[in-house]
Amino acid sequence: MERQRLGFIGLGNMGLGIASRLVESGYDVAVYNRTRSKSEEVGGLGARVADSPANAAAGADVLLLSVADQNVVTQMLFGEHGAFGSLPAGAAIVDMSTVPPSFARELAGRASDAGYRALDACVLGAPHHARSGELRVMVGGEESDFRALEGLLETVGKELTYLGGNGMGATMKLVLNMLMGVQMPALAEAVVFGEQAGLPRDKILQMIAGSGYSSPVMTFRCPMMEKREFGKALFKLSLMRKDMMLLLGEAQELGVPMPVAESAYAMLTAAKQQGLGELDVAAMVAFMERLAGMDEYPWPAPAGGGR
């Protein structure tokens, strides 16, 4: 069976790996990114480098997006030189961004009105999982559309889960990201408490990472905290805060109390306002150090802050 022609918009940490994986797997891919050097990196693998979202979408059977939030999705699809103007009739839009479920449903409606199909296909994993095709993919939309694109999604995901109508993939992503969002402030608190009580930081982090209380995401970030390697952000603190904000907005609509998530959101917001937003979420430990009056550690924020 002939493979679909693809347009791909957004080459951040995850998008770069996904797009590269698709090109290396033999798909015909046109890529667009606002920072052109990222597009040229994938172009070196054989992708066509597009100069606009519309150009990336031209002739595509499937348009995939992996961008920061729903505002960027809207800009890429409906803004000046947006993809909606050039995407062929009957094409599919696969949004892999973390967006509000209500936005995913709204996008599906607009897509249908324009003669397109739409899926929210959110992913779970790290950038190296994206490049190796080992992501977990959670999908919302019409099941027939999911089945039609299952082969494509299997190229980037080792586990595909169809969850129901549009917005359900986005909802599941918020459920999972909430767990990370509450774990990072808790990990930072535990480290600072233990050190203030007289324990050596390296031993604290080693024992947490090796314990049954740790999750893979905590274990991964314990050495980052020990080495203070916050600059290469695998998951920016500002994006973690954004996801918690989306979660709490949905919870408010549903009338679900979320006191732990609210506390984590407040801490992430304060840390962002202190200039840590562009760093990895592991930088929460620096925020906790400041709260606890521990001034022996260097403040990691870049000059000028990161608001």
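Just above, that's the structure.
For clarity, every value in this text was computed on a predicted model and none was experimentally measured. (Residues numbered from 1 in each chain as written. Predicted model: local features only at pLDDT ≥ 70, side-chain atom pairs only at ≥ 80, totals over all residues. Heavy atoms only, no water.)

Draft legend 1. Highlighting the overall build of the chain. Looking only at helices and strands, the chain has 14 helices and 8 strands in total. Its C-alpha radius of gyration of 20 Å places the chain within 12% of the 19 Å reference for a compact globule of 307 residues. With the C-alpha coordinates of the chain rotated into their principal frame, the extents come out at 65 × 45 × 35 Å. Residue burial in the chain is summarised as follows: out of 307 residues, 52% are buried. With 27 positive and 34 negative side-chain charges, the chain shows a separation of 4 Å between the mean positions of the two kinds. (Helix = DSSP H or I, 4+ residues; strand = E, 2+ residues; numbered from the N terminus. Rg over C-alpha atoms; globule rule 2.2 N^0.38 Å. Buried < 20%, exposed > 50% of the residue type's maximum accessible area, 1.4 Å probe, protein only. Lys, Arg positive; Asp, Glu negative; His and termini not counted. Charge placed at Lys NZ, Arg CZ, Asp CG, Glu CD.)

Draft legend 2. Spotlight on the pairing of strand S2 (residues 28-32). Within S2, 4 of the 5 residues are buried, which leaves it mostly tucked inside the rest of the structure. As defined by bridge partners, strand S1 (residues 5-9) adjoins S2 across 5 bridges and the pair is classed as parallel. Of the residues in S2, the one forming a bridge with Phe-8 is Val-31. Two strands pair when backbone bridges link them, and S2 and strand S3 (residues 48-49) are joined in this way by 2 bridges, in the parallel orientation. Its bridge partner lying in S3, Val-31 is registered against Val-49. Chirality of the crossover, the property in question, places the unit of S2, helix H2 (residues 36-43) and S3 among those that are right-handed. (Pairing = 2+ DSSP bridges. Right-handed = clockwise from strand over helix to strand, strands pointing away.)

Draft legend 3. Spotlight on the packing of aromatic side chains. Under the criterion given, the structure shown has 3 aromatic pairs. Between Phe-146 and Tyr-162, the ring centres sit 5.3 Å apart and the planes meet at 20°, which makes this aromatic pair stacked. Taken together, the positions of Phe-146 in helix H7 (residues 143-148) and Tyr-162 in strand S8 (residues 157-162) put the pair 16 residues apart, joining distant regions of the chain. Judged by relative accessible area, which is 26%, Tyr-162 ranks as partly exposed. A connected cluster of aromatic rings, assembled from ring pairs, spans Phe-78, Phe-84 and Tyr-116. Arg-201 extends its terminal NZ or CZ atom over the ring of Tyr-297, reaching a point 4.1 Å from the ring centre. Positioned over the ring face of Trp-299 is Arg-290, at 3.6 Å from the centre of the ring. (Phe/Tyr/Trp six-rings, centres within 6.5 Å; stacked < 30°, edge-to-face > 60°. Lys NZ or Arg CZ within 6 Å of the ring centre and 35° of its normal.)

Draft legend 4. Representation of the nonpolar core. If you look at the biggest cluster of nonpolar residues, it comprises 42 residues, and the most contacted ones within it are Leu-187, Met-244, Val-281 and Met-284. The set of elements that each furnish at least two residues to this core consists of helix H9 (168-196), helix H10 (201-209), helix H11 (216-227), helix H12 (237-254), helix H13 (259-276) and helix H14 (284-291). Considering each element in turn, this core owes the most residues, 8 residues, to H9. Residues in contact with Met-284, not counting those within four places in the same chain, are Met-184, Pro-185, Ala-188, Leu-237, Met-267, Leu-268 and Ala-271. (Core = buried A, V, L, I, M, F, W, Y, C linked by side-chain atoms within 4.5 Å. Contact = heavy atoms within 4.5 Å.)

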